[in-house]
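Take a look at the letters that make up each chain.
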Amino acid sequence: MVTSGTPAAPAAPDLGPAPLDARLANVLGGRTATAIEKAFGYRTVGEFLEHAPRRYAERGALTALDSLAIGEPVTIVAEVVDVRERTMRARRGSILEAKIGDGKGLLTLTFFNQGWRTKDLVPGARGIFSGKVSDYRGARQLAHPDYELFDPDDPRATADPGSDEAIRWSRQPIPIYPATASLTSWQIAKSIGIVLDTLPDLPDPVPASARSRLDLVPFRRALELLHRPEKVADFKRAQDALRYREAFVLQTALVQRRIAARRTAATSRVAAPGGILERFDATLPFTLTDDQRAVGADIDQDLARTWPMHRLIQGEVGSGKTLVAIRAMLTVAESGGQSALIAPTEVLAAQHLRSIVKFLGPDLAAELRPVILTGSQSTDERRRALLAAVSGSSRLVVGTHALLGDRVDFAELGLV
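Residues numbered from 1 in each chain as written. Predicted model: local features only at pLDDT ≥ 70, side-chain atom pairs only at ≥ 80, totals over all residues. Heavy atoms only, no water.

Trainee: Sorry if this is basic, but what is going on with the overall build of the chain here?
Mentor: Secondary structure assignment for the chain yields 14 helices and 14 strands. Whereas a compact globule of 416 residues would reach a radius of gyration of roughly 22 Å, the chain reaches 32 Å, over 25% beyond that. Dimensions of the chain along its principal axes, counting C-alpha atoms only, are 90 × 60 × 45 Å. Expressed as a percentage of its 416 residues, the buried residues of the chain come to 39%. For the chain, the share of sequence-separated contacts (at least 6 apart) that also reach a separation of at least 24 residues comes to 66%. Seen as two clouds, the 53 positive and the 49 negative side-chain charges of the chain have centres 3 Å apart. (Helix = DSSP H or I, 4+ residues; strand = E, 2+ residues; numbered from the N terminus. Rg over C-alpha atoms; globule rule 2.2 N^0.38 Å. Buried < 20%, exposed > 50% of the residue type's maximum accessible area, 1.4 Å probe, protein only. Contact = heavy atoms within 4.5 Å. Lys, Arg positive; Asp, Glu negative; His and termini not counted. Charge placed at Lys NZ, Arg CZ, Asp CG, Glu CD.)

Trainee: Would you explain helix H6 (residues 185–198) in this entry?
Mentor: Residues that lie three or four places apart on an α-helix share one face, since the helix turns once every 3.6 residues. The end-to-end C-alpha distance of H6, which contains 14 residues, comes to 20 Å, matching closely the 20 Å that a straight helix rising 1.5 Å per residue would cover. Burial in H6 covers these residues: Ser 185, Trp 186, Ile 188, Ser 191, Ile 192, Gly 193, Val 195 and Leu 196. (Expected span 1.5 Å × (residues − 1).)

Trainee: Can you walk me through the packing of aromatic side chains in this structure?
Mentor: For any pair of aromatic rings, the description rests on two quantities: the centre-to-centre distance and the angle between the ring planes. If you walk through the whole model with that rule in mind, you get six aromatic pairs. Ring geometry for Tyr 56 and Phe 235: centres 3.7 Å apart, planes at 5 degrees, overall stacked. Here Tyr 56, found in strand S2 (residues 55–58), pairs with Phe 235, found in helix H9 (residues 232–262); they are 179 residues apart in sequence, far enough to count as distant. By way of ring pairs, the aromatic residues Phe 40, Tyr 42 and Phe 48 are connected into one cluster. Above the plane of the ring of Phe 219 lies Arg 245, whose end atom (NZ or CZ) is 3.8 Å from the centre. (Phe/Tyr/Trp six-rings, centres within 6.5 Å; stacked < 30°, edge-to-face > 60°. Lys NZ or Arg CZ within 6 Å of the ring centre and 35° of its normal.)

Trainee: Sorry, what's going on with the pattern of salt bridges here?
Mentor: For side chains bearing opposite charge, pairing can occur when the charged atoms are close. On inspection of all chains with the given rule, the structure shows 17 salt bridges. In this structure, Arg 86 engages Glu 97 in a salt bridge whose closest nitrogen and oxygen atoms are separated by 3.2 Å. Residue Arg 86 is found in strand S3 (residues 73–87), and its partner Glu 97 is found in strand S4 (residues 94–101); the two are separated by 11 residues along the sequence. According to the relative accessible area criterion, Arg 86 is partly exposed, its value standing at 38%. A salt bridge links Arg 311 to Asp 302, with the shortest nitrogen-to-oxygen separation between them at 2.8 Å. (Salt bridge = Lys/Arg side-chain N within 4 Å of Asp/Glu carboxyl O.)

Trainee: So what exactly am I meant to see when it comes to the packing of helix H8 (residues 219–227) against H9 here?
Mentor: When two helices pack together, their arrangement is captured by the angle between the axes and the distance separating the axes. As a packed pair, H8 and H9 sit with axes 8 Å apart at the nearest point and diverge in direction by 135 degrees. As far as their axial angle goes, H9 and H8 are oblique. Two packed elements cross with a definite hand, and for H8 against H9 that hand is left-handed. Along its contact with H8, which presents Phe 219, Ala 222, Leu 223, Leu 225 and Leu 226, the element H9 presents Asp 234, Phe 235, Ala 238, Gln 239, Ala 241, Leu 242 and Arg 245. Its residues placed into classes, the contact of H8 with H9 shows nine nonpolar, one polar and two charged. (Axes fitted to C-alpha atoms, helices over the stretch in contact; angles between N-to-C directions. Parallel < 35°, antiparallel > 145°, perpendicular 65-115°, else oblique. Left-handed = near helix turned anticlockwise from the far one by under 90°. Nonpolar A, V, L, I, M, F, W, Y, C, P; charged D, E, K, R; others polar.)

Trainee: Which parts of the structure should I look at to understand the pairing of S3?
Mentor: Looking at chain direction, S3 and strand S6 (residues 126–136) are connected through seven bridges and run antiparallel. Paired with Pro 73 across the bridge in S6 is Lys 132. Between S3 and S4, which pair antiparallel one after the other, the connecting turn spans six residues, and Gly 93 there sits at a positive phi close to 120 degrees. (Pairing = 2+ DSSP bridges.)

Trainee: Please explain a nonpolar patch on the surface as it appears in this structure.
Mentor: A cluster of nonpolar side chains, namely Ile 342, Leu 404, Leu 413 and Val 416, defines an oily patch on the protein surface of about 380 Å² accessible area. Relative to the helices and strands, Ile 342 resides in strand S11 (residues 338–342). The exposure class of Ile 342 is partly exposed, given its relative accessible area of 32%. (Patch = residues over 30% accessible without salt bridge, like charges linked within 9 Å, V, L, I, M, F, W, Y side chains within 5 Å. Areas by Shrake-Rupley, 256 points an atom, 1.4 Å probe, with all protein chains shown as cover.)

Trainee: Explanation requested: the sheet that holds strand S13 (residues 396–399) in the structure shown.
Mentor: One key point about sheets: their strands pair by backbone hydrogen bonds, in either a parallel or an antiparallel sense. Pairing in this open sheet of four strands is parallel, and the strands run S12-S13-S11-S14 from one edge to the other. At either end of the open sheet lies a strand with only one pairing partner, and these are strand S12 (371–373) and strand S14 (413–415). Within the sheet, the average angular offset between the axes of one strand and its neighbour, ignoring direction, is 35 degrees. Pairing of S11 with S14 involves two bridges; the strand directions are parallel.

Trainee: Please clarify how helix H14 (residues 379–391) should be interpreted in this entry.
Mentor: Over its 13 residues, H14 runs 18 Å from end to end, which matches the ideal 18 Å to within 8%, given 1.5 Å per residue. All of the buried residues along H14 are Ala 385, Leu 386, Ala 388 and Ala 389. One side of H14 carries all its buried residues, which in axial view fall inside an arc of 160 degrees. Facing away from the buried side of H14 by over 90 degrees, the exposed positions are Thr 379, Arg 383, Arg 384 and Leu 387. Tucked into the core, H14 has its buried residues touching S11, S12 and S13. (Arc of directions from axis to C-beta.)

Trainee: Help me out: how do you make sense of the nonpolar core in this one?
Mentor: Note on soluble globular proteins: their nonpolar side chains tend to be buried together. If you look at the biggest cluster of nonpolar residues, it comprises 28 residues, and the most contacted ones within it are Phe 280, Ile 326, Met 329, Leu 330, Ile 356, Leu 360 and Leu 368. Among the secondary structure elements, those contributing two or more residues to this core are helix H10 (276–283), helix H11 (290–303), helix H12 (321–334), helix H13 (346–368) and S13. In terms of residues, this core owes the most to one element, H12, which gives eight residues. Excluding residues within four positions of it along the chain, Leu 368 makes contact with Ile 276, Leu 330, Ala 333, Leu 360, Ser 393, Ser 394, Arg 395 and Leu 396. By size, the runner-up hydrophobic cluster in this structure holds 19 residues, among which are Leu 20, Tyr 42, Tyr 177 and Leu 223. (Core = buried A, V, L, I, M, F, W, Y, C linked by side-chain atoms within 4.5 Å.)

What follows is the structure in structure tokens.
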């Protein structure tokens, strides 16, 4: 199938408010901001707030430890089951081994000469643990992992397990962020929290009427629910709102580009009865498919207008996209215009040229004089191709990105 549509814009306009453009160093301090920039490249508040959690865990929901892959960096929620410290035999010092579990599997945390950790790594303590999974004598372990235990003094953690408050606390989603060895998930979460605490209300590019109709939370609220949800439904609502905002901004940019394009003058190109396009169609040994006809009609309509066409043609291999392109180029050629077909490689450019010459046949090929321009051509070949383009004697120019060079000129370029 061949289909056509408006092409995606390479970049949406900057509709972000000024607070999102603030430098992270001004909010978090130079040391933390430098660590974040080194890890992820973020420099502004807006960039950092787009660092969305890759998943969410619950305080009361343990991670399946038996599914962890050896060699993978992980961030997990688990409970301390057993803690033991023993003296090393081969050298001075001790090894602290804490086993954490999910009720089914076990994982060992290993620390060297850090016996003081027995004060907080006590059986029954729950928290988030982060490190790289390794294998030691057939058992999974995390050597010198980072961790953050849930506060045992939090009244919600010590409340009656069946109380509403305790249930809400145990089910509160914990954002698990993409992290690095030097920047853990909870360190990111703390920095995100500081940024959110200083963030004022933000203008939302999505109109209030649209948000109301679609039941979407405002932009500032969506950021809050994404990073600090109270329940599962919160971050899902945030994701819905932020996805719609992204699509809305992109579509707004496309509309703006379309309006701007209509203010730009372009030559109307119409295929004449008995002209080049009609002669070409008459020589085809097959009938155009319904999709090719429909897409061709869309292109003909666009080329006939007095403003530039912006159109994306997509289709599977062998669906006839090249033929659709040739027919568009012939429509432009009828009024004396030229077309440039740019391919990503020299091999593909040469393949396109052969296909075009074959489709045109000897008579039309001699009339339209298709040529090729690439970066590896000899000086004489390149000079001849450049002369054919600038003089207008060639109305179909095929090439690589060499066509975008400063020295490449056309007599009347009508279609790219």
